[in-house]
Amino acid sequence: MKPFNIVNGKAAPLLAANIDTDVIMPKQFLKGIDRQGLDHGVFFDQRFLTSGEPNPDFILNQSEWQESTFLVVGPNFGCGSSREHAVWGLKQLGIRALIGTTFAGIFYDNCQRNGVLIIQLPENSLLELGQVISNAKSNEIQINLQEQQIKLKDNSVTHFDIDHLRKTALLEGLDAVGSTLQRKELIDHFEHKYLKTNPWLQ
Amino acid sequence: MTSAKTLYDKHIDSHTVCKLDDDGHVLLYIDRQVLNEYTSPQAFSGLREAGRQVKRPKTHLAVVDHVNPTASLRTAEMPDEGGAQQVSYLGENCQDFGIELFDILDQRQGIEHVVAPEQGFIFPGMVVAAGDSHTTTYGALGAFGFGIGTSEIEHLLATQTLVYKRLKSMRVTVDGILGTAVTSKDLIMALIHKIGASGATGFAIEFCGSTICNLSVEARMTICNMAVEAGARGAYMAPDDKVFEYLKEKPRSPKGEHWKQAVKKWRTLRSDDDAKFDEEVKIDASCIQPMVTWGTSPDQALPIQSTIPNPELITDPHVRNDTYRAIEYMGLKVGQQLTEIPISHAFIGSCTNSRIEDLREVADVVRNRHVASNVQAIIVPGSTEVRNQAESEGLADIFKKAGFEWRQSGCSMCLAMNDDVLQPGDRCASSTNRNFEGRQGAGARTHLMSPGMVAAAAISGHLMDIRKIGQEV
């Protein structure tokens, strides 16, 4: 997994509430057995017209926000289906971090497992940030994970909180399965005792 | 010092292998996982690439449900290449890693969250995770279930654990008697409307109260299933005699001495009397009316006798904008009566409402009646066993006579990953769980409601109050 440390880029606003994973990655892109080609499916019904042409009204199609690296999103982003395809697609599209107030639980975990940083800000700070990056002249920001800071173009800085465990995993690009397997003896020990106490679960 | 615990605390404590930090992260042992063909492929590929094994193959059960057609005549063929590849790869993975699979022609096939309880694969006290958000369903059995993504499926297959952060706790107490034709679907829709689509984000919900106790186990499953639409990462109820009775004769339930030991343990699974919850919500069941959604989020729901809300009257600018957008997408007018909304399709199915009790409820509405001429109505039973039972009870004949298509089992038009896809502008009364934009097909419009309400809409051709059926002039 690609480590996340200091990342610079444009941020695009997608501030509607409850943007769900069906909208982020529609059903017709879920039929693969690998993770390839999902960038094309991201926000497909909003990004493309029925003719197949890019929808000029969609923010990520507008020249000032094309190739954005960050999304500033509305509450409950990523709700609905557990499909990790939504995160794979966003990542393939070049999105490295999402900034919002609240995120759906499964989506949040999926981002973490894929090295996509989720930053949660209080509502006021988020609305302010949303305004700043909605202006094409100030939509370039820097995220410094080590320092837990978002730096705006005018050099003002917003601090964010993040669990130490998540921060370390992102900074180091850790393989979660590999890390857990280092505790195999502990798991085996737990399992042995647990199944002995609850024999109907064997 | 003794501290009172919620049942959620007890579930997590009894499954904690070790603490990982002081922020609430633990390594959580998982008892069971259900796998499907569409969220598991990349997890198995991950294992293969790293040369890893499945730690306890017997604790996983795989089912084909999301991509298969539901045409009345069942064949093993998948009509599209992608679906065929997913089904065949699931077969290959189950074979290679020693996991049991209910393939498409298996008599036990069906929607994962219908099949797992039906087969007695889930018991009280278990912690269950699966690559589908509606894994919360198992809370109705006194287990704790939650949805995970594909990376987590891989983690679980390889380690039998997940890195887990403890949630906050919410107790939803429901007392009072549900009115005539008001169901557990209406109850959970009313809760989602009350607390919002993210009202329980970051929480595990415990449902309790006399109303919950009086519900059947299947009706309780509908509630836990849809709790995720309020953002809950898990929802559960303390198991009682109804649950033990439900499980007793199931194929995989503990038998003999193990059954006795298990029930003794299961009877202890409840929150301590003085346990503290981070949030408390109370609902008076007697006030709940039959509910329908009018918008594109499950919390955009109202009692059937209501009208489409006026965004101008909403003070929060974001909610106002979302309301405008939903009304526009849904092709509705401010002030329009919900009962005046005509439908083109009626769908009865999904892990929320496709069990035998749901089908009996539908049969009671459509017996000796006929689907409106402009409506295509389909019934997709939750499992092949449910289908067989409905046939043996004579329900299937009632459905067919009333003009419903009687299908084979699968997720079908709930998320339209198979060939049951609506066209732009189609409007569907649906017993499912999500009314998102494009959920049942790009540009299609979904109204969520109970199976009985879908049946009533199918008969009348428009959304209607189930309590008025038979009273129409």
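Residues numbered from 1 in each chain as written. Chains lettered and ligands numbered in written order. Predicted model: local features only at pLDDT ≥ 70, side-chain atom pairs only at ≥ 80, totals over all residues. Heavy atoms only, no water.

A. Representation of the overall build of chain A within the structure. In terms of regular secondary structure, chain A is built from eight helices and seven strands. Its C-alpha atoms put chain A at 65 × 40 × 25 Å along the principal axes. Expressed as a percentage of the 202 residues in chain A, the buried residues total 55%. Pairs at least 24 residues apart make up 65% of the contacts formed inside chain A by residues separated by at least 6 positions. Carbon and sulfur atoms form 48% of the exposed surface of chain A, whose accessible area is close to 9,000 Å². Separation of charge centres in chain A, based on 19 positive and 23 negative side chains, amounts to 5 Å. (Helix = DSSP H or I, 4+ residues; strand = E, 2+ residues; numbered from the N terminus. Buried < 20%, exposed > 50% of the residue type's maximum accessible area, 1.4 Å probe, protein only. Contact = heavy atoms within 4.5 Å. Areas by Shrake-Rupley, 256 points an atom, 1.4 Å probe, with all protein chains shown as cover. Lys, Arg positive; Asp, Glu negative; His and termini not counted. Charge placed at Lys NZ, Arg CZ, Asp CG, Glu CD.)

B. Looking closely at the overall build of chain B. Scanning chain B for helices and strands turns up 15 helices and 19 strands. Here the C-alpha atoms of chain B give a radius of gyration of 22 Å, agreeing with the 23 Å that 2.2 N^0.38 yields for 473 residues. Taken along its principal axes, the extent of the C-alpha atoms in chain B is 65 × 55 × 45 Å. When the 473 residues of chain B are sorted by exposure, 66% land in the buried category. Measuring between centres, the 48 positive side-chain charges of chain B sit 4 Å from its 60 negative side-chain charges. (Rg over C-alpha atoms; globule rule 2.2 N^0.38 Å.)

C. Examining the sheet that holds strand S4 (residues 60-63) of chain B more closely. All names here are of chain B. Taken together, five strands build an open sheet; the order of strands is S5-S4-S3-S6-S7 and the sheet is parallel. Every interior strand has two partners, whereas the edge strands, strand S5 (100-102) and strand S7 (144-147), have only one. Across the sheet, the axes of successive neighbouring strands diverge by a mean angle of 20 degrees, strand direction being ignored. In the sheet, strand S3 (residues 32-35) pairs with strand S6 (residues 127-130) via three bridges, with the strands oriented parallel. When the sheet's bridge partners are listed, Val-34 is paired in S6 with Ala-130. Across the face of the sheet, helix H5 (residues 150-159) comes into contact with S3, S4 and S6 while running at roughly 130 degrees to S3. (Pairing = 2+ DSSP bridges. Axes fitted to C-alpha atoms, helices over the stretch in contact; angles between N-to-C directions.)

D. The arrangement of the pattern of salt bridges in detail. One pass over the full model with this rule turns up 30 salt bridges over all chains. Close ionic contact of B:Lys19 with B:Asp22 constitutes a salt bridge, the shortest N to O distance being 3.2 Å. Accessibility expressed as a relative area gives 74% for B:Asp22, which makes it exposed. Across the pair B:Arg252 and B:Glu100 runs a salt bridge whose closest N-O atoms are separated by 2.9 Å. With B:Arg252 in the loop between helix H9 (241-248) and helix H10 (256-266) and B:Glu100 in strand S5, this residue pair connects regions lying 152 residues apart in the sequence. With relative accessibility at 33%, the residue B:Glu100 sits in the partly exposed group. Taken together, the salt bridges that share partners define one network made up of A:Lys184, A:Asp188, A:Glu191 and B:Lys55. (Salt bridge = Lys/Arg side-chain N within 4 Å of Asp/Glu carboxyl O.)

E. Up close: empty space enclosed by the protein. Residue and element names in this part refer to chain B. Under the defined criterion, the tally for this structure stands at three cavities of 30 Å³ or more. A volume near 160 Å³ is recorded for the largest cavity. Along its surface, the largest cavity is lined by 20 residues, and His-66, Asp-132, His-134, Leu-415 and Arg-439 are the ones closest to its centre. When its residues are assigned to classes, the lining of the largest cavity shows six nonpolar, eight polar and six charged. (1 Å grid on protein atoms, 1.4 Å probe; cavity = no way out; pocket = protein on both sides within 12 Å on 5 of 7 lines; lining within 4 Å. Points joined across faces, edges and corners; volume = space filled by probe spheres on them. Nonpolar A, V, L, I, M, F, W, Y, C, P; charged D, E, K, R; others polar.)

F. Expanded view of the sheet that holds strand S8 (residues 161-165) of chain B. Residue and element names in this part refer to chain B. The three strands are arranged S1-S2-S8 in an open sheet whose pairing can be described as antiparallel. The open sheet has two edge strands, strand S1 (16-19) and S8, and neither has a second partner. Within this sheet the neighbouring strands show an average axis-to-axis angle of 25 degrees, counted without direction. Bridging between S1 and strand S2 (residues 25-29) involves three bridges; their strand directions are antiparallel.

G. Looking closely at the nonpolar core. Within the largest apolar cluster, 196 residues are counted, with the highest numbers of intra-cluster contacts made by A:Phe43, A:Leu98, A:Phe107 and B:Phe207. Ranked by the residues each element gives to this core, the list is headed by helix H15 (residues 451-460) of chain B, at seven residues. A:Phe107 has contacts with A:Thr21, A:Ile24, A:Phe77, A:Gly78, A:Ala86, A:Val87, A:Leu90, A:Leu98 and A:Ile118, leaving out every residue within four places of it along the chain. Ranked by size, the runner-up nonpolar core spans 21 residues in total, among them A:Phe4, A:Ala11, A:Phe160 and A:Leu170. (Core = buried A, V, L, I, M, F, W, Y, C linked by side-chain atoms within 4.5 Å.)

H. Here's a closer look at the state of the cysteines. In this structure the tally under the stated criterion is zero disulfides over all chains. As a non-bridged cysteine, A:Cys79 has A:Cys111 as the owner of its nearest cysteine sulfur, 13 Å distant. (Disulfide = S-S within 2.5 Å.)

I. Spatial organisation of the packing of aromatic side chains. Residues and elements named next belong to chain B. If you walk through the whole model with that rule in mind, you get 18 aromatic pairs over all chains. Ring geometry for Phe-399 against Phe-404: centres 6.4 Å apart, planes inclined by 65 degrees, an arrangement best described as edge-to-face. One aromatic cluster is present, built from ring pairs that chain together Tyr-8, Phe-144, Phe-146, Tyr-164 and Tyr-236. Geometry around Tyr-246 places Lys-250 over its ring, the cationic atom sitting 4.1 Å from the centre. (Phe/Tyr/Trp six-rings, centres within 6.5 Å; stacked < 30°, edge-to-face > 60°. Lys NZ or Arg CZ within 6 Å of the ring centre and 35° of its normal.)

J. Examining the pairing of strand S18 (residues 427-430) of chain B more closely. Residues and elements named next belong to chain B. Side-chain alternation along S18 places Arg-427 and Ala-429 on one buried face and Cys-428 and Ser-430 on a second face that is also buried. Pairing between S18 and strand S19 (residues 445-448): four bridges, direction parallel. By the bridge assignment, Ala-429 is partnered in S19 with His-447.

K. Looking closely at the environment of A:Ser134. All names here are of chain A. Looking at the secondary structure, you find Ser-134 in the loop between helix H5 (123-133) and strand S5 (140-144). Relative accessible area serves as the criterion here: at 34%, Ser-134 is assigned to the partly exposed category. Each C-alpha atom of the pair Ser-134 and Ala-11 lies 8.3 Å from the other, and the pair is 123 residues apart in sequence. Among residues more than four places away in sequence, those in contact with Ser-134 are Pro-13 and Trp-65.

L. Looking closely at the side chain of B:Asp31. Here B:Asp31 is to be found in the loop between S2 and S3. B:Arg32 provides the closest opposite charge to the buried, unpaired B:Asp31, separated from it by 5.5 Å. A distance of 2.6 Å separates polar atoms of two side chains, one belonging to B:Asp31 and the other to B:His15. Side-chain polar atoms of B:Asp31 contact the backbone nitrogen of B:Val127, separated by 2.7 Å. If we skip the residues at most four places from it in the chain, B:Asp31 touches A:Tyr194, A:Leu201, B:His15, B:Thr59, B:Gly125, B:Met126, B:Val127 and B:Gln160. (Polar contact = N/O pair within 3.5 Å; in protein donor to acceptor, adjacent residues only side chain to side chain.)

M. A look at the environment of B:Gly91. Residues and elements named next belong to chain B. Along the polypeptide, Gly-91 turns up in helix H3 (residues 81-97). Residue class for Gly-91 comes out partly exposed when judged on its relative accessible area of 22%. For Gly-91 and Leu-157, which are 66 residues apart along the polypeptide, the C-alpha to C-alpha distance reads 16 Å.

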